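Working through the structure, step by step
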Amino acid sequence: MKVTAFVGSARKKHTYNAAEKFLENLRKHGNVETEIVALSDYHLETCRGCMLCLNKGEEFCPLKDDRDKLIAKILESDGMVMASPNYSFQVSGLMKVFLDRLGFVFHRPRFYGKTFTSIVVQGIYGGKKISKYLSFIGGAMWFNVVKGSCLNTCEPIPEKVQEKNNMLLDRQSRKFYTVLVRKELPVPSFFELMMFRTARTNIKNQLDESWRDYVYYRDKGWFESDFYYTVRLSLLKKLAGRFFDWTAARRLRSNK
Ligand SMILES: Cc1cc2nc3c(=O)[nH]c(=O)nc-3n(C[C@H](O)[C@H](O)[C@H](O)COP(=O)(O)O)c2cc1C
């Protein structure tokens, strides 16, 4: 198994060290290969908002940067960690640029089955909301999300705070490892089922072959399948799935 941590701080200090500690813990739990990627070592350009990646396909993006190298690293990993410092009560600009470069993945999921978590490192306050935001991001890309941690690193770091940080990373790495080695893909919740069925119904009815989302969903067989991946749904969830298809189609008809 391989786990890659992406660090969104321009310096290799508290965020980088926390990511390293997390990966070190993971290696102790089992046979896990790890890699740490400092985003600042890569060339990432700011999204220009042309919408070409979303509408026509990611290969039409006019930016020439390291986006695809970083995506390849996610694809070759079984697990991903996003580690960011708290900057002005949000992820760092570097991390946000990275997230925007992955924007088309929210439309065309490809990371399902992989495990995700986040580490937020801060001076004093605001990191818990960022941690929630990153969990949401992981879920929106259909990763299996393990709750993130928020560490305090206001210098000088008191011994008790450092001990707490280590304890949080230890607990988080244990949970992450359990999810990472789980073989079967998770059964979607009703909410996740609704998200999939609504998205596919909208794409099927509103778009055509000139849109990349349509072609992507069609080629994956998602216009007919129960969910993004093969999974056994209970009778109740099968019925709920049909109901979500029906309500989405009805909403489209009534909007015409
Ligand atoms: C521009 C900037 C904005 C920051 N904003 C916050 C903040 O809103 N809340 C907070 O608790 N810490 C804030 N910090 C402190 C950092 O989160 C903290 O120093 C963190 O350890 C930096 O991570 P690093 O050591 O990996 O660079 C800020 C730091 C910088 C440089």
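If you're wondering where the values come from, they're calculated on a predicted model, not measured in any experiment.

1. A look at the overall build of the protein
When its secondary structure is counted, the protein shows 10 helices and six strands. Taking 2.2 N^0.38 as the reference for a compact globule, 256 residues should give roughly 18 Å; the C-alpha atoms of the protein span a radius of gyration of 20 Å, in line with that estimate. The buried share among the 256 residues of the protein stands at 47%. Within the protein, counting contacts between residues at least 6 apart in sequence, those at least 24 apart form 76% of the total. Only carbon and sulfur atoms are counted for the fraction: they give 55% of the accessible area of the protein, which is about 13700 Å². Each charge class in the protein can be summarised by its mean position, and for the 43 positive and 27 negative side chains these summaries are 7 Å apart.

2. Description of the site of the ligand
Around the ligand there are 16 residues in total, and R11, T15, N86, I124 and Y125 lie nearest to it. In the model, an oxygen atom of the ligand is placed 2.7 Å from a nitrogen or oxygen of the N86 main chain. T153 is positioned such that a nitrogen or oxygen atom in its side chain is 2.8 Å from an oxygen atom of the ligand. With the chains in place, 72% of the 640 Å² that the ligand exposes on its own is no longer accessible. Contributing elements (two or more residues each) for the shell around the ligand: α1 (14-29) and β4 (115-122). Looking at the shell around the ligand, its residues break down into six nonpolar, eight polar and two charged.

3. Looking at the pattern of salt bridges
Note that side chains of opposite charge can pair when their charged atoms are close. The tally for this structure, following the rule as stated, stands at 22 salt bridges. Between K2 and E35 there is a salt bridge; the shortest N-O distance is 2.7 Å. Linking K2 in strand β1 (residues 2-7) with E35 in strand β2 (residues 33-38), this pair joins segments that are 33 residues apart in sequence. Assessed through its relative accessible area of 11%, K2 is described here as buried. D219 is the partner of R218 in a salt bridge, and the nearest nitrogen-oxygen pair spans 3.0 Å. Exposure remark for R218: the relative accessible area of 33% places this residue in the partly exposed category. A network of salt bridges, in which partner residues are shared, links E58, E59, R108, R110, R212 and D213.

4. Remarks on the domain arrangement of the protein
Structurally, the protein comprises domain 1 (2-180) and domain 2 (190-255). On a C-alpha basis, the centroid separation for the pair domain 1 and domain 2 is 29 Å. Each side of the interface is counted separately: domain 1 has 13 residues, and domain 2 has 13 residues. Buried surface at the junction of domain 1 and domain 2, both sides included, amounts to about 1100 Å², of which 55% is carbon and sulfur. Taken as a group, R108, Y112 and W142 account for 49% of the area that domain 1 buries against domain 2, more than any other trio of residues on that side. If you look at where domain 1 meets domain 2, you find three salt bridges. Taking the shortest distance from any N to any O, the salt bridge between R212 and E58 comes out at 3.9 Å. Counting the contacts that link domain 1 with domain 2 gives six residue pairs in polar contact (both at pLDDT 80 or more). Looking at the side of domain 1 that touches domain 2 residue by residue, the classes come out as five nonpolar, three polar and five charged.

5. Details of a positive patch on the surface
Residues K128, K129, K132, K147, K164, R171 and K175 make up a contiguous surface patch of positive charge. Tracing the backbone shows K175 in helix α7 (residues 159-180).

6. Quick notes on the packing of aromatic side chains
The description of an aromatic ring pair uses the distance of the two centres, along with the angle that the planes make with each other. Tallied over the full model, the rule gives 23 aromatic pairs. Measuring from ring centre to ring centre gives 6.4 Å for F196 and W222, while their planes differ by 85 degrees; the resulting arrangement is edge-to-face. Residue F196 is located in helix α8 (residues 190-206), and its partner W222 is located in the loop between α9 (212-220) and α10 (235-255); the two are separated by 26 residues in the primary sequence. Classification of F196 as buried rests on a relative accessible area of 0%. Look at W222 and you get buried, because its relative accessible area is 2%. Pairing Y214 with F223 gives two aromatic rings, centres 5.1 Å apart and planes at 55 degrees, and the pair type is tilted. According to the relative accessible area criterion, Y214 is buried, its value standing at 17%. Among the aromatic side chains, those forming a connected cluster through ring pairs are Y112, W142, F196, Y214, Y216, Y217, W222, F223, F227, Y228 and Y229. When the ring centre of W211 is taken as origin, the NZ or CZ atom of K56, which lies over that ring, is 5.9 Å away. Above the ring of F190, the side-chain terminus of K237 is found at 5.0 Å from the ring centroid.

Analysis parameters
Residues numbered from 1 in each chain as written. Predicted model: local features only at pLDDT ≥ 70, side-chain atom pairs only at ≥ 80, totals over all residues. Heavy atoms only, no water. Helix = DSSP H or I, 4+ residues; strand = E, 2+ residues; numbered from the N terminus. Rg over C-alpha atoms; globule rule 2.2 N^0.38 Å. Buried < 20%, exposed > 50% of the residue type's maximum accessible area, 1.4 Å probe, protein only. Contact = heavy atoms within 4.5 Å. Areas by Shrake-Rupley, 256 points an atom, 1.4 Å probe, with all protein chains shown as cover. Lys, Arg positive; Asp, Glu negative; His and termini not counted. Charge placed at Lys NZ, Arg CZ, Asp CG, Glu CD. Near = heavy atom within 4 Å. Polar contact = N/O pair within 3.5 Å; in protein donor to acceptor, adjacent residues only side chain to side chain. Nonpolar A, V, L, I, M, F, W, Y, C, P; charged D, E, K, R; others polar. Salt bridge = Lys/Arg side-chain N within 4 Å of Asp/Glu carboxyl O. Domains from an automatic or database assignment. Buried area = accessible area lost by both parts, 1.4 Å probe. Patch = residues over 30% accessible without salt bridge, like charges linked within 9 Å, V, L, I, M, F, W, Y side chains within 5 Å. Phe/Tyr/Trp six-rings, centres within 6.5 Å; stacked < 30°, edge-to-face > 60°. Lys NZ or Arg CZ within 6 Å of the ring centre and 35° of its normal.

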